[in-house]
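For reference, the chains in residue letters:
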Amino acid sequence: VTATATSPALPAISSGPLQLWLKADAGIITNSFGQVSQWQDQSGMANHASQANTNNQPLLVHPPGILGRAALRFNGIQDNVHGDFLHGTGDVGVSNAMTTFALYNAFATVNSVNLLWLVGVPGTTYGACRADSIWNTELVFSLWGRDSTAPWVVPTNTYRIWTDRVNTNLSTVQIFDTSASGVTNFSEALTGALTPAAGYYVGGVDPSVQFAGSSRCFDGDIVEFICYCGYLTDADRLAVTSYLEQKYYQNGSSGSLAYQWQFDGTNIVNATNASLTLTNVQTTNAGVYTVTVSNLIGVTTSSNAVLTVNPPPPCASVPAGLISWWPAEG
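Residues numbered from 1 in each chain as written. Predicted model: local features only at pLDDT ≥ 70, side-chain atom pairs only at ≥ 80, totals over all residues. Heavy atoms only, no water.

### Topic: the overall build of the chain
Right, on to step 1. When its secondary structure is counted, the chain shows 1 helix and 24 strands.
Right, on to step 2. Working note: accessible area of the chain is about 15,600 Å², and carbon and sulfur atoms make up 54% of it. (Helix = DSSP H or I, 4+ residues; strand = E, 2+ residues; numbered from the N terminus. Areas by Shrake-Rupley, 256 points an atom, 1.4 Å probe, with all protein chains shown as cover.)

Dropping the structure here:
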């Protein structure tokens, strides 16, 4: 019998509707080699991202750097043939203010453009896209042809949270970089932002689109991408950031998580991991199991998990009146 503590839940947000939510631990369709053909939207909008060509499919991996949780690994190849990217065709619906969160790890930034995500149709109209890319090693929020660059070199081989918050009149973008050890933030001007058309990309773009030049594929892991329509309040922005920290960072700014499993309300000695495994289960193990999870923010207790252990059935006996004797043959 194995019980596992569930992941933190995405908090309820009041300052903007959730438009797109891609997370590598849910809604992933792969082949037997772990190549991802579809990343299903968890926002309820069913705006899934897909890739039919196996040459362009990222891999599903479980890196130890994020506690063994799932991530999609993009290869960064920009030869217009083998680069990994996913494409969604639906309307993300961010014509005005927006707030996005991307948890990622850049393995290398040697390419001039490393695209994490893009909302809209690239190559059509300047200003009619929204995108996060690492341009010549620096953070860039792009409108396609109209870019706002944060003067900060992106560290490689670390899992980071990249947050963008665009204001209502589309004049400013706030860019936040959050790692397990701290936060850096910037405020950059925006000019010429137009409404994006339906469609979005993750990990790169289709190199055949107009003026793309190359696939601009990202070299690294993308773990979650969350997009809200609206300029989230600081409280809501920090709540989503805390959700990602608690889920993926052992020592996030909210503190590492501590677990204590209980049986019928009593602490189980040495049961302090995220999962509880019982072996050689007996009837004495039947009862109510819970786990208390705590960090610097506070303490929460799971709902009850009730374990029932049924004893084996007794050996069946045959009523005496049903016993018959048959003569031996031969």
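### What to know about unusual backbone geometry
Right, on to step 1. Positive phi, normally seen in glycine, also occurs at Asn 136, with a value near 50°.
Right, on to step 2. Inspection of the secondary structure assignment puts Asn 136 in the loop between strand 11 (129-135) and strand 12 (138-142).
Right, on to step 3. Since its relative accessible area comes to 46%, Asn 136 is described here as partly exposed.
Right, on to step 4. Here Asn 270, not a glycine, exhibits a phi torsion of approximately 65°, which is positive.
Right, on to step 5. Mapped onto the elements of the fold, Asn 270 is located in the loop between strand 20 (266-267) and strand 21 (275-277).
Right, on to step 6. Taking relative accessible area as the criterion, Asn 270 reaches 69% and is therefore assigned exposed. (Buried < 20%, exposed > 50% of the residue type's maximum accessible area, 1.4 Å probe, protein only.)

### Observations regarding the pairing of strand 15 (residues 172-179)
Right, on to step 1. A large share of strand 15 lies buried, amounting to 6 of its 8 residues.
Right, on to step 2. In terms of strand pairing, strand 14 (residues 160-166) meets strand 15 through 6 bridges, oriented antiparallel. Residue pairing in the sheet places Ile 161 in a bridge with Thr 178 of strand 15.
Right, on to step 3. Taking the residues that link successive antiparallel strands as the turn, the strand 14-strand 15 hairpin has 5 residues, and the phi of Leu 170 there is positive, at about 60°.
Right, on to step 4. Hairpin remark: strand 15 followed by strand 16 (residues 182-189), antiparallel, with 2 residues in the connecting loop. (Pairing = 2+ DSSP bridges.)

### Regarding the environment of Cys 129
Right, on to step 1. Within the fold, Cys 129 resides in strand 11.
Right, on to step 2. Take Cys 129: its relative accessible area is 0%, and that puts it in the buried class.
Right, on to step 3. Linking Cys 129 and Leu 194, residues 65 residues apart in sequence, is a C-alpha distance of 7.4 Å.
Right, on to step 4. Sequence-distant contacts of Cys 129, defined by excluding residues within four places in its chain, comprise Leu 118, Val 119, Gly 120, Val 121, Pro 122, Ser 142, Leu 143 and Trp 144. (Contact = heavy atoms within 4.5 Å.)

### Looking at the side chain of Asn 56
Right, on to step 1. Secondary-structure assignment places Asn 56 in the loop between strand 5 (49-50) and strand 6 (59-61).
Right, on to step 2. We classify Asn 56 as buried; its relative accessible area is 9%.

### Quick notes on the pairing of strand 19 (residues 258-263)
Right, on to step 1. Here strand 19 runs beside strand 20; their pairing, made up of 2 bridges, is antiparallel. In the strand pairing of strand 20, Gln 262 is matched with Asn 267.
Right, on to step 2. Counting the residues between successive antiparallel strands, the hairpin from strand 19 to strand 20 contains 2 residues, one of them, Asp 264, with a positive phi of roughly 50°.

### Describing the confidence of the model for the chain
Right, on to step 1. For the chain, per-residue confidence averages 88 on the pLDDT scale, and residues scoring 70 or more make up 87% of the total.
Right, on to step 2. Contacts from residues 251-255, a stretch scored under 50 in pLDDT, to residues over four places away or in other chains number 13 contacts.
Right, on to step 3. This model gives residues 321-330 a pLDDT under 50, and the stretch forms 1 contact once residues within four places in sequence are excluded. (pLDDT = per-residue confidence, 0-100.)

### Observations regarding the pattern of salt bridges
Right, on to step 1. Enumeration over the complete set of coordinates arrives at 6 salt bridges.
Right, on to step 2. The salt bridge involving Arg 73 is made with Asp 221; its shortest N-O contact spans 2.7 Å. Remark: Asp 221 occurs in strand 18 (residues 219-229) and Arg 73 occurs in strand 7 (residues 71-75); sequence separation between them is 148 residues.
Right, on to step 3. Classification of Asp 221 as buried rests on a relative accessible area of 0%. (Salt bridge = Lys/Arg side-chain N within 4 Å of Asp/Glu carboxyl O.)

### Points about the state of the cysteines
Right, on to step 1. Scanning all chains against the criterion turns up 0 disulfides.
Right, on to step 2. The thiol of Cys 227 is unpaired, and the distance to the nearest cysteine sulfur, on Cys 229, comes to 7.9 Å.
Right, on to step 3. Judged by relative accessible area, which is 0%, Cys 227 ranks as buried. (Disulfide = S-S within 2.5 Å.)

### Considerations on the packing of aromatic side chains
Given two aromatic rings, one states the distance between the centres and the angle between the planes to describe the pair.
Right, on to step 1. Applying the stated criterion across every chain yields a total of 8 aromatic pairs.
Right, on to step 2. Summarising the aromatic geometry, the rings of Phe 101 and Tyr 228 are spaced 6.2 Å apart at their centres and angled 85° between planes, so their arrangement reads as edge-to-face. Highlighted residues: Phe 101 in strand 9 (residues 98-106) and Tyr 228 in strand 18, separated in sequence by 127 residues.
Right, on to step 3. Plain terms: the ring middles of Trp 117 and Phe 225 are 4.8 Å apart, the flat faces sit at 35° to each other, and that makes the pair tilted. Within this pair, whereas Trp 117 is found in strand 10 (residues 113-120), its partner Phe 225 is found in strand 18, the two being separated by 108 residues in sequence. Of the two residues, Trp 117 and Phe 225, neither departs from the other in class, the shared state being buried.
Right, on to step 4. The rings of Tyr 104, Trp 162 and Phe 218 are connected pair by pair, giving a single aromatic cluster.
Right, on to step 5. Positioned above the aromatic ring of Phe 176, the side-chain terminus of Arg 237 is 3.9 Å from the ring centre. (Phe/Tyr/Trp six-rings, centres within 6.5 Å; stacked < 30°, edge-to-face > 60°. Lys NZ or Arg CZ within 6 Å of the ring centre and 35° of its normal.)

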